[in-house]
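Coordinates in review
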Amino acid sequence: MNSHLTVPTSPFHGRKFIAIVAMLFGALTLFSAGNVLFGSMASQAWAGNYVGFVVWFNFLAGAAYILAAIGLWQGTLWAARLSGLIAIATAGVALGFAFVVLLGTPFEMRTIGALVLRFTFWAVIAVIATRAVKRG
């Protein structure tokens, strides 16, 4: 099996475009979660009723996003697998989030949208990258 992704378009419009978007997504995730965790009281106040483990997951996942983006740029098989793992881990955190919300933990509605966005983003990338590997 070929360990590099092949996308039937030009390199920039294929996997490299996806890698750039993933890199930006990772950088923004690190910045926003880091701001809540390590930023000023104003940053924490702006975040509202955030759920601590979700923010910590986002911060740590931001590093994984950047790592996956590097692998996607290079067209590696492990990047496709890491993208799938990120999606699965995000789904797990979303389930944990749902559990604590059902127990009555205060939360921000935007957290639901952010988790759905993150899961969908990485699930789609995982599918695209895996299909590209299979075509290669």
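Quick caveat: nothing in here was measured; it's all calculated off a predicted structure. (Residues numbered from 1 in each chain as written. Predicted model: local features only at pLDDT ≥ 70, side-chain atom pairs only at ≥ 80, totals over all residues. Heavy atoms only, no water.)

Side note on the packing of aromatic side chains
As a reminder, the rule being used: For Phe, Tyr and Trp, where Trp contributes only its six-membered ring, two rings pair if their centres lie within 6.5 Å, and the inter-plane angle classes them as stacked under 30 degrees, edge-to-face over 60, or tilted in between. By definition here, charges over rings are those cases where NZ of Lys or CZ of Arg is within 6 Å of the ring centre and within 35 degrees of the ring normal.
Under the defined criterion, the tally for this structure stands at eight aromatic pairs. One Lys or Arg, arginine 110, reaches over the ring of tryptophan 46 and ends 4.6 Å from the middle of that ring.

Side note on the side chain of asparagine 58
The cut-off we apply is this: Here a strand is any run of E in DSSP of at least two residues, a helix any run of H or I of at least four, and the numbering for each starts at the N terminus. We call a residue buried when its accessible area falls under 20% of the maximum for its residue type, exposed when it is over 50%, and partly exposed in between, using a 1.4 Å probe and counting protein chains only. Contacts are assigned to residue pairs with any non-hydrogen atoms lying within 4.5 Å of each other.
Mapped onto the elements, asparagine 58 comes out in helix 3 (residues 52-74). Under the relative-accessibility criterion, asparagine 58 is labelled buried at 10%. Filtering out sequence-adjacent residues up to four positions away, asparagine 58 remains in contact with Thr29, Ala33 and Arg118.

A word on the side chain of threonine 111
Inspection of the secondary structure assignment puts threonine 111 in helix 5 (residues 109-135). Apart from the residues lying within four places of it in its own chain, the contact partners of threonine 111 are Val54 and Phe97.

Comments concerning helix 4 (residues 77-102)
Our working rule: A helix is expected to span 1.5 Å for every residue after the first.
In this model helix 4 runs 38 Å from its N-terminal to its C-terminal C-alpha over 26 residues, within 8% of the 38 Å that 1.5 Å per residue would give. Every buried residue of helix 4 is accounted for by Leu77, Ala79, Ala80, Leu82, Ser83, Gly84, Ile86, Ala87, Thr90, Val93, Phe97 and Val100. On its buried face, helix 4 is in contact with helix 3 and helix 5. Two residues or fewer after helix 4 comes glycine 104, characterised by a positive phi angle close to 105 degrees.

Details of the nonpolar core
Generally speaking, soluble globular proteins have nonpolar side chains that are buried together. The cut-off we apply is this: Here the nonpolar core consists of buried residues drawn from Ala, Val, Leu, Ile, Met, Phe, Trp, Tyr and Cys, with membership extended through side-chain atoms lying within 4.5 Å.
The biggest cluster of nonpolar side chains holds 26 residues, and the ones touching the most others in it are Ala22, Leu72 and Trp122. Mapped by element, the contributors of at least two residues to this core are helix 1 (12-38), helix 3, helix 4 and helix 5. Tallying contributions element by element places helix 4 first for this core, with nine residues. Look past the residues within four positions of alanine 22 in its chain and what remains in contact with it is Tyr65, Ala69, Leu72, Phe121, Trp122 and Ile125. Within the second largest apolar cluster, five residues are counted, among which are Ala33, Val36, Leu37 and Ala47.

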